[in-house]
Structures are given as structure tokens and as C-alpha cells.
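The lines below spell out each chain.
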Amino acid sequence: MNSSTTVRTVRRRTLRVAAAALTAAAALTLTACSGSDAAGAKPASHSDTAKAAVEASGAGSSAGLRGSDAQASAGAKADAKADATGKQSGSAHTANGGRAASPVRTQRLADGISKAEIYQLGDQHYRAKIVARGSVLATLETNQHDAGLDANDMFVTLTLDGQVHSWMGGGHQGPGTFTLAGGWTAKVTKVGELRYRAQIIGHDGVAATLETNQHDVGLDANGIYIVLSNGGVISAHE
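The shown structure was predicted, so the numbers you read here are calculated from the model rather than taken from an experiment.

Engineer: I'm lost on the sheet that holds strand β14 (residues 224-228) in this one. Help?
Structural biologist: Backbone hydrogen bonds are what pair the strands of a sheet, in a parallel or an antiparallel way. Read from one edge of the open sheet, four strands run β8-β15-β14-β13, paired in antiparallel fashion. The sheet terminates laterally at β8 (172-173) and β13 (217-221), the two strands that pair on one side only. With four bridges joining them, β14 and strand β15 (residues 233-237) adopt antiparallel strand pairing. Within the sheet, the bridge partner assigned to L228 lies in β15 and is I234.

So this is what it looks like as C-alpha cells:
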């Protein structure tokens with residue numbers, strides 16, 4: 001091999017080595033840049049990836065609207081619940097004869113001292129407060145049946161149509177069978193503590209049954225007013 005051939009071979013090898021060195025340098029530069037960017041940037045989370053996927057699919061804005069609607073719906077439900085609670089409280093207060101309620105009439109009772117304040121709560125639903133010297137002594141209320149009271153030998157009935165009747169005395173202590181006003185017969189039996197039952201018997205047999213359950217009861221028997229107390233005393237009046 002001559003000298004010129006040797007020189008060309010050396011030059012080619014030198015160029016190849018230089019090219020390889022440049023390629024390696026470029027690779028190192030790219031790796032360094034990538035590493036720098038990765039270190040400075042925040043790693044993408046699963047939620048970011050999912051968000052990007054949703055937005056790319058065109059559902060991102062709809063999802064956001066649904067979230068806003070859900071929050072608005074929850075707020076509306078909370079407001080509705082608070083409003084319903086307030087309305088219910090107000091209704092209960094009025095129904096229980098609160099400050100806004102007024103009696104439909106006031107009636108003097110048989111003892112000459114007490115009076116009955118009668119309130120209408122609904123259809124065939126009345127309440128009567130027995131008041132004496134500014135104090136409420138007792139309360140009667142009809143609720144699909146008549147009501148009655150033995151107030152220290154003064155008997156009071158409140159009927160389904162809101163009528164109050166009162167009289168003094170005439171009581172019979174049960175158990176036993178007693179003749180009442182209007183030709184009725186009452187058969188009184190004791191069925192428990194402060195619990196008595198009275199069968200009201202007419203010409204055709206048992207017409208009605210009264211039963212106490214720790215409170216007095218009353219009945220309008222075709223214009224004959226009957227009270228049975230929780231102590232077993234029965235009285236009637238025309």
C-alpha cells in the first residue's frame with residue numbers, strides 16, 4: 001500500500017469516529033433535555049389523564065354541567081327540607097290550638113263557675129277547654145266519636161257537631177246494672193285498672209258500648225247524654 005492510500009484510509013476512519021461521537025453527543029443532549037423537562041414538570045396523575053381523555057372525547061363540558069346540576073339539586077333539596085320543616089312546625093302549632101286559634105264560642109257550664117271554650121279543628125273535630133278562674137282544668141276532644149268528662153260530679157259531653165252539654169250529679173258507681181234517663185239501661189263491668197266498659201241497652205238490645213282506657217268517655221244516645229268515668233261512675237241526662 002502506498003502512502004496516499006494510507007492517508008485516505010486514516011481520514012475515513014477519523015470521519016466515522018467523529019460522526020459517531022457527534023451522534024452520541026446528540027443522544028446525550030436529548031436525554032439530558034428530557035430529564036430536565038421531566039424533573040421540572042409535575043407528573044400526570046390518573047385523574048389528570050382521565051380528565052384529558054374525557055375532554056378529548058367531548059364529554060368534559062357535559063360532566064361539568066352535571067356536577068353543577070347535582071350541587072344545585074342538593075342545595076334545592078336542603079332548602080326544600082328546611083322549608084318543609086318550618087311549615088310542618090307551623091301547622092302543628094296551629095292545629096294544637098296555638099296562639100292564633102280562637103274559640104268558635106264560649107259556653108257557661110252547669111256548676112255556674114266553669115265555662116267551655118269550643119274550638120273547631122276540622123269536620124266533626126272539635127276541642128273544648130274547661131276553664132275556671134282563668135285556668136284550664138280539662139280538655140275534651142272529638143275525633144270520630146263523642147267525648148265526655150266527669151269533673152268532680154259535674155258531667156260534660158262534647159258531641160261530634162261541637163255541642164257541649166253539662167249537668168250535676170246523677171252518677172251510679174259501677175260495676176252494676178243501672179237505669180238511665182231516656183229509658184236506657186247501662187251494664188257496667190270492670191275490665192282493668194282505671195278501665196270500665198258500659199253496654200248501653202235499649203228495647204232492641206245493646207245499642208252502644210262505652211269503654212274507658214285511663215280517661216273518661218261520653219256518648220250522645222239520641223239526645224240522651226251519657227258519661228262513663230275511668231273510675232266506673234256512669235251518669236246520663238236529657
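Engineer: What is the right way to look at the packing of aromatic side chains in this model?
Structural biologist: Ring pairs (aromatic) are described by centroid distance and by the angle formed between their planes. The full count for this structure, using the stated rule, is one aromatic pair. Both rings, one in F155 and one in W167, keep their centres 5.9 Å apart while their planes meet at 20°; by these two values the pair is stacked. Placement of the pair is F155 in strand β6 (residues 154-158) and W167 in strand β7 (residues 164-168), with a sequence separation of twelve residues. A residue is classified by how much of its surface remains accessible, and W167, at 3% relative accessible area, is buried.

Engineer: Quick question: what am I supposed to make of the side chain of S235 here?
Structural biologist: Inspection of the secondary structure assignment puts S235 in strand β15. Here S235 falls in the buried class, since its relative accessible area comes to 0%. Side-chain polar atoms of S235 contact the backbone oxygen of G169, separated by 3.1 Å.

Engineer: Please explain the confidence of the model for the chain as it appears in this structure.
Structural biologist: Caution applies to low-pLDDT parts of the model: their predicted coordinates are not meant to be read in detail. Mean pLDDT over the chain works out to 72, with 58% of the residues at or above the 70 mark. Below a pLDDT of 50 lies the segment residues 1-100, which in the model reaches twelve contacts outside its immediate sequence neighbourhood of four places, other chains included.

Engineer: I tried to follow the sheet that holds strand β9 (residues 176-179) on my own but got confused; where do I start?
Structural biologist: Reading across the sheet, the four strands line up as β9-β10-β11-β12 and stay open at both edges, with antiparallel pairing between neighbours. At either margin of the open sheet sits one strand with a lone partner, and together these are β9 and β12 (205-211). Each strand of the sheet is rotated relative to its neighbour by a mean of 25°, with strand direction disregarded.

Engineer: Help me understand the nonpolar core in this model?
Structural biologist: Most often, soluble globular proteins keep nonpolar side chains buried together rather than apart. Membership of the largest hydrophobic core comes to 17 residues, with the highest contact counts inside it found for I200, I226, L228 and I234. Breaking this core down by element, the ones donating at least two residues are β10 (185-192), β11 (195-202), β13, β14 and β15. Each residue touching I234, except ones within four places of it in the same chain, is listed here: G170, G171, H172, F178, L180, A186, V188, A198, I200, I226, V227 and L228. Among the nonpolar cores identified, the runner-up in size contains 14 residues, and Y126, A138, L158 and V164 belong to it.

Engineer: Help me understand unusual backbone geometry in this model?
Structural biologist: A negative phi angle is the norm for most residues apart from glycine, just as the trans form is the norm for most peptide bonds. The omega torsion across G174 and P175 is 5°, close enough to zero to call that bond cis. On the secondary structure map, P175 appears in the loop between β8 and β9. Backbone geometry at Q124 places phi at a positive 55°, although glycine is not the residue there. Inspection of the secondary structure puts Q124 in the loop between β2 (115-122) and β3 (125-132). Phi at R133 is positive, roughly 50°, even though this residue is not glycine. As for its placement among the helices and strands, R133 is situated in the loop between β3 and β4 (135-141).

Engineer: Would you mind going over the pairing of β10 with me for this structure?
Structural biologist: Both faces of the sheet carry side chains from a regular strand, because those side chains alternate between them. Examined bridge by bridge, β9 and β10 share four bridges and lie antiparallel to one another. In the strand pairing of β10, T179 is matched with T185. Adjacent in sequence and paired antiparallel, β9 and β10 are bridged by five residues, among which G182 carries a positive phi angle near 80°. With seven bridges connecting them, β10 and β11 associate as antiparallel partners. Directly across from V188, in β11, lies its bridge partner A198.

About the criteria used
- Residues numbered from 1 in each chain as written.
- Predicted model: local features only at pLDDT ≥ 70, side-chain atom pairs only at ≥ 80, totals over all residues.
- Heavy atoms only, no water.
- Pairing = 2+ DSSP bridges.
- Helix = DSSP H or I, 4+ residues; strand = E, 2+ residues; numbered from the N terminus.
- Phe/Tyr/Trp six-rings, centres within 6.5 Å; stacked < 30°, edge-to-face > 60°.
- Buried < 20%, exposed > 50% of the residue type's maximum accessible area, 1.4 Å probe, protein only.
- Polar contact = N/O pair within 3.5 Å; in protein donor to acceptor, adjacent residues only side chain to side chain.
- pLDDT = per-residue confidence, 0-100.
- Contact = heavy atoms within 4.5 Å.
- Axes fitted to C-alpha atoms, helices over the stretch in contact; angles between N-to-C directions.
- Core = buried A, V, L, I, M, F, W, Y, C linked by side-chain atoms within 4.5 Å.

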